[in-house]
Amino acid sequence: MLGLGAAGGAKPAKPSFVSYLAPEEIQIKEKEPNIHLLPGELVLCEASMVLKCMQDEGSLRGVYGRLVCTNFKISFLCDESATDDNEFDFKNKIIGENDITLHCVDQIYGVYDEKRKCLLTGQVKKYPEKIIILCKDFRVFHFCLRYTKEEEVKRIVSGIIHHTQSPILHKRLFLFSYAASAPHYIAIGIKKQAVMFDTLEDWRLELDRTKGNIKYKVVSSNASYGLCEKLPPYFVVPVSLMEEDISEFQGKGIPIWCWSCHNGSALLKMAALPKEQDESMLQRHKTFSERIDKTVHRPPYELSRTEELANSLPSLPEIQMAYGRFKQLFWMENRADFWDSDVKWFSLLENSNWLEIIRQCLTKAIEVAEYLETESTNVILKESASDLCCVIAGLVQMMMDPYYRTKLGFQSLVQKEWVMGGHAFLDRCNHLRQTDKEEAPVFLLFLDCVWQLVQQYPVAFQFTETYLTVLSDSLYLPIFSTFFFNSPCHKDIQYMCGDNTDKQSPPLSFHSVWDWSVQFDAKVQALLKNPLYVEKSKQDKTIRRTMRSKHQRQLSLPLTQAKASPKKGFFRDEPGPFIKNFLSKRISKLMSSSDEVPNSCREFYDSWHCKPVDFHGLLLPHVEGPLIQIWAQRCLRWIPDAQILGGGLVAMVSRVMETIEEVESLRRKLEEKQATSSSITKETEVMAMLRKSARFSSLYPFALLSRISVKPVIPTSTWRGLEEEDDLVKRDDEFIDLGNI
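Per chain, the residues get numbers from 1 upward, laid out in the order the sequence is written. For a predicted model such as this one, the threshold for reporting local features is a pLDDT of at least 70, and the threshold for listing and counting side-chain atom pairs is 80 or more; totals across whole chains, interfaces and linings nevertheless cover every residue. Excluding hydrogens and water, the side-chain figures rest on all heavy atoms present in the structure.

Colleague: Describe unusual backbone geometry, and please don't skip the residues or the numbers.
Modeller: Here the residue pair Pro299 and Pro300 is connected by a cis peptide bond, since its omega of 0° sits within 30 degrees of zero. Within the secondary structure layout, Pro300 lies in the loop between helix H6 (279-293) and strand E14 (303-308). For Asp113, which is not glycine, the phi torsion reads 50° and is therefore positive. Among the structural elements, Asp113 can be located in the loop between strand E6 (105-112) and strand E7 (115-118). Each helix corresponds to a stretch of at least 4 residues labelled H or I by DSSP, and each strand to a stretch of at least 2 residues labelled E; elements are numbered beginning at the N terminus.

Now the structure itself:
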C-alpha cells in the first residue's frame, strides 16, 4: 500500500490517509466535464473525489471524477472516454458510457472491510467505502468513496439507494417530467417507423393486407374503454360474433384476431374467463363458451384448436427465477471472476434453465405454425393474462409472415401484439419497484427468441442483432411511453390529460421508442439495418448454410460433435478434456429432454428442414441444443475477455456495409464518366482506407476495440489447456471469406 502525497526528502511526512491505488494508476483530470441535463432533469445529489475502479490482473486501477445522481440517471463525470482514440463512435444521445438510468439499476452492494453487503432503503447504518452497482444491461460499476468527504458520501449513497430502490408513484417517473418540460413533440414520420394500431384505419389496413377482412371485422366497442381497460380501443373479432357477446364478460372469453394465414386460417387469442365456484355461474360460462366456439369452429369447412399456454409453458415466477439465475453469469466484477466461472460455466448455464425456456417457446410456436400452415386450422391462444400470448403470437407471425421481418413490420408487430395488446410493461419490468410478485422479463424472453431466429437466418431479417440489443436497452429509458404503461387505457385515460388539478395544462406528449433519431444519429442508425437482407421476393436457390459464431466460450449446450479441423487452441472443433468430461456426464440427460421436438410436429419440422430455405416464406428455427445460444452481444458486451478481435458476425456485417458504401461511391463516379486513370487511383485509395480502418471485435459496436483478452488471475483447467498450445492473444485475426454470403 502506497501513501499519496509522500514527498521526497530525508523523512517523508506521515500521510493523512492511505490509498490502495498506486499514484500512477489514478488518472486525475484538471477540469471535469459538466453534466448534460435533459429537459425536466434535476440534480439531486453529487460527490467529488470519487474513483471509478476496475480490477485488472490483481491490480486495482481507477479514474478520478464526480458522481452525480439526478431524477433520471446516475452519472460519473470524467474525461475517460475522450482518451480512447480507438473506440468506435457508437454513441447514444440520451445515455453516455458512464450513465446509468435509475430504472436500469438492479442491485447495489456496499463494501465494508472487503466484505460485500446488499444495500436497501432504510437499512444503511454505516456508509461503505465502496459501492458496486449491478445494472440490468449487465454492466458493473465500482465506485470508491475512500477519498470523498463524509458528508458527500452520506448524501450520494443515500440518494442513489433511495431513488433506485424505494417504491415510487407512476406520475413521479421521469417520463412525465420530460414530457412536461420538453418542447411539444409531434409524431411526424412515426407512421413510417411503425403502424401504431390506435385507429380503425390501421386495423382495417392490416386486415386487407392479410386477406382477413372476409371473416373478421374491426369493432369499436371499447373506444371509450368502458368495456375493458386491458383491451385496445379498437380490435378485430369474427364477423359472426354478436355485440352483446363481446360485452357480456367485459371482453373475456371472446376470440380476438391477431393474424390471418394465406390459406384462410387465423391466429387468435383469448383471455380466460375467471374461475368461479358458483354452480350457476359455471353453467353460464359453459354455455357462453360453447356459443363463442361456434364462431370459429364450423366443421368440416372451418376447424379451430385452443392452446392453453399455462399447461405447456412455464409460469411467470418460473421465468423470473430462471432469468435471475441466468443474469448472474454475466455480472463479472473483474477478470478473475470471469475465468473462475469458466470451470463451472456449463453447469451454471444448464441450471439457470433460461435457454430451455427459450426452446420451449420456439417449439410451441412451431406447433402453432404447423396447425395454421398444414392443417388450415384456426388456433386460439388462451391465457388468463397477456404475457405468453404475446410471445407465441409474435413468434408465429414472424415465422410465417416475411413482412414482420422488416424493420417497419417488426416495430408494427410489437406495437400491435404488445403495446396495444395490453402487456403490462410497467408491472413486468417493475418500473415502480412496488412489488416483485408481478415482475417477469417476458418481453426480454421474446427478444431473445427473436434473436435466435436472426442468428440462424440472418439474411431473412432487415434488422440486425444490434437493433435488438438497443431495443432491449430502451426498456429502461423513461423518456419513451412505449414500455412504461400497462395498457392503452392506462396511458390514454389517466395520463394524457396532464395535471388534473390544472384545467389549463396541455395534454402530455410522449415520445415513441420507434423514433430512433431521438437516441442515435444517422451514422449509428445505419448499424440497425442489415445490409445482407434479401429484399427480392424470389426463393433463394442457394443451399442453406448454418452460421455459427465462434467465441472464446461455448455459448450453447454442446450436444453434437463437429467435423474435424486442423485448428488448435480454444477454436478447435475437437472437444477438449473439460468438454469431454462434461459430455460424458450430461449428454444422455440433455439429449432426452432439451432436444425433443413433440411427435405431433416432428414430421412437419424434419420435412421443412430438409428443403432449401425460402427467406420470404415460412421460417422454422432449429430447436436442438447447440443452436439455442446465448445472446452474446447483449450479455457479454461489457466483458473484455469474451471478445474476439476481428471476429464475429456483426464485425463481418460492418465490413460488408463499408464495402457496399465504397462500391456505391465508385459506381457513381463511373457513371459520371471519369477518366480511367482517375478511377483506378480512387479505387486504390478506397482499398488503402479499408486496410487502415479500425479493427472490430466480436461484440462490436459496444465493445472497446483496445481491449484484449489476457491470462486470468486464477488459472482454470480450460486456460491450462490453452497454455499447452498457442497463445490466442498473439494470433492474427482469422480471414473471413465474404464470398460465402
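Colleague: Kindly report on the nonpolar core, identifying the contributing residues and their values.
Modeller: In these notes, a set of buried Ala, Val, Leu, Ile, Met, Phe, Trp, Tyr and Cys residues joined through side-chain atoms within 4.5 Å is what counts as a nonpolar core. For every residue, the accessible area (1.4 Å probe, protein chains only) is compared with the maximum for its type, and the residue is labelled buried under 20%, exposed over 50%, or partly exposed between those bounds. Membership of the largest hydrophobic core comes to 178 residues, with the highest contact counts inside it found for Leu395, Phe410, Phe443, Phe446 and Leu468. The element best represented in this core is helix H11 (residues 354-373), accounting for 12 residues. Residue contacts for Phe410: discarding those within four places in its chain leaves Met398, Tyr403, Tyr404, Phe446, Leu447, Val450, Phe463, Tyr467, Leu468 and Leu471. In terms of nonpolar packing, the next biggest core, distinct from the first, is built from 14 residues, Leu231, Phe235, Ile246 and Ile256 among them. Throughout, a residue-residue contact means that at least one pair of heavy atoms, one from each residue, lies within 4.5 Å.

Colleague: Lay out the confidence of the model for the protein chain in plain terms, naming residues and giving numbers.
Modeller: Confidence per residue, as judged by the predictor, is encoded in pLDDT with a range of 0 to 100. Taken as a whole, the protein chain shows an average pLDDT of 80; of its residues, 73% reach a score of 70 or greater. Within the protein chain, helix H19 (residues 577-593) has the poorest average pLDDT of any element, 40, and helix H12 (residues 388-400) the best, 98. The low-confidence segment residues 677-694, where pLDDT is below 50, has 12 contacts with residues more than four positions distant or belonging to other chains. A low-confidence stretch, residues 704-741 stays under pLDDT 50, and its non-local contacts, those more than four residues away or across chains, total 77 contacts.

Colleague: Describe in detail the environment of Leu348, supporting the description with residues and values.
Modeller: Counting through the fold element by element, Leu348 comes out in helix H10 (residues 345-352). Owing to a relative accessible area of 33%, Leu348 belongs among the partly exposed residues under this scheme. Taking C-alpha positions, Leu348 is 7.5 Å from Leu329, a pair spaced 19 residues apart along the chain.

Colleague: Residue-level account of the pattern of salt bridges, with values.
Modeller: Salt bridges, as used here, are contacts in which a Lys or Arg side-chain nitrogen is within 4 Å of a carboxyl oxygen on Asp or Glu. Applying the stated criterion to the full structure yields 25 salt bridges. Note that Lys416 and Glu417 form a salt bridge whose closest N and O atoms lie 3.8 Å from each other. Each member of the pair, Lys416 together with Glu417, is buried. Among the charged side chains, a network of salt bridges with common partners joins Glu206, Arg209, Lys269, Asp401, Lys416 and Glu417.

Colleague: Can you break down the packing of H11 against helix H20 (residues 599-609) residue by residue, with the values?
Modeller: Taken N-terminus to C-terminus, the directions of H11 and H20 make an angle of 75°; their axes are 10 Å apart at the nearest point. Considering the angle they form, H11 stands roughly perpendicular to H20. Here H11 contributes Ile366, Glu367, Ala369 and Glu370 to the contact with H20, which in turn contributes Ser600, Cys601, Phe604 and Tyr605. Residue polarity is assigned by list, with Asp, Glu, Lys and Arg as charged and Ala, Val, Leu, Ile, Met, Phe, Trp, Tyr, Cys and Pro as nonpolar; anything else, Gly included, falls into the polar class. Each residue belonging to the contact of H11 with H20 can be placed in one class, and the counts come to five nonpolar, one polar and two charged. To obtain each axis, a line is fitted to C-alpha atoms, and for helices this fit is confined to the stretch in contact; angles are then taken between N-to-C directions over 0 to 180 degrees. Roughly parallel covers angles under 35 degrees, roughly antiparallel covers those over 145, roughly perpendicular covers 65 to 115, and oblique covers all other angles.

Colleague: Talk me through the environment of Arg634; I want residue IDs and the actual numbers.
Modeller: Examined against the element boundaries, Arg634 turns out to sit in helix H21 (residues 632-635). The spatial distance from the C-alpha of Arg634 to the C-alpha of Phe702 is 9.1 Å, given a sequence separation of 68 residues. The residues touching Arg634, leaving out its near neighbours within four places in the chain, are Lys136, Asp137, Phe138, Tyr323, Leu444, Thr469, Ser472 and Tyr476. Within 3.5 Å is the distance limit for a polar contact, defined as a pair of N or O atoms, with the added protein rule that one can donate a hydrogen and the other accept it, and that residues adjacent in sequence qualify only through two side-chain atoms. A polar atom in the side chain of Arg634 sits 3.3 Å from the side chain of Tyr323.

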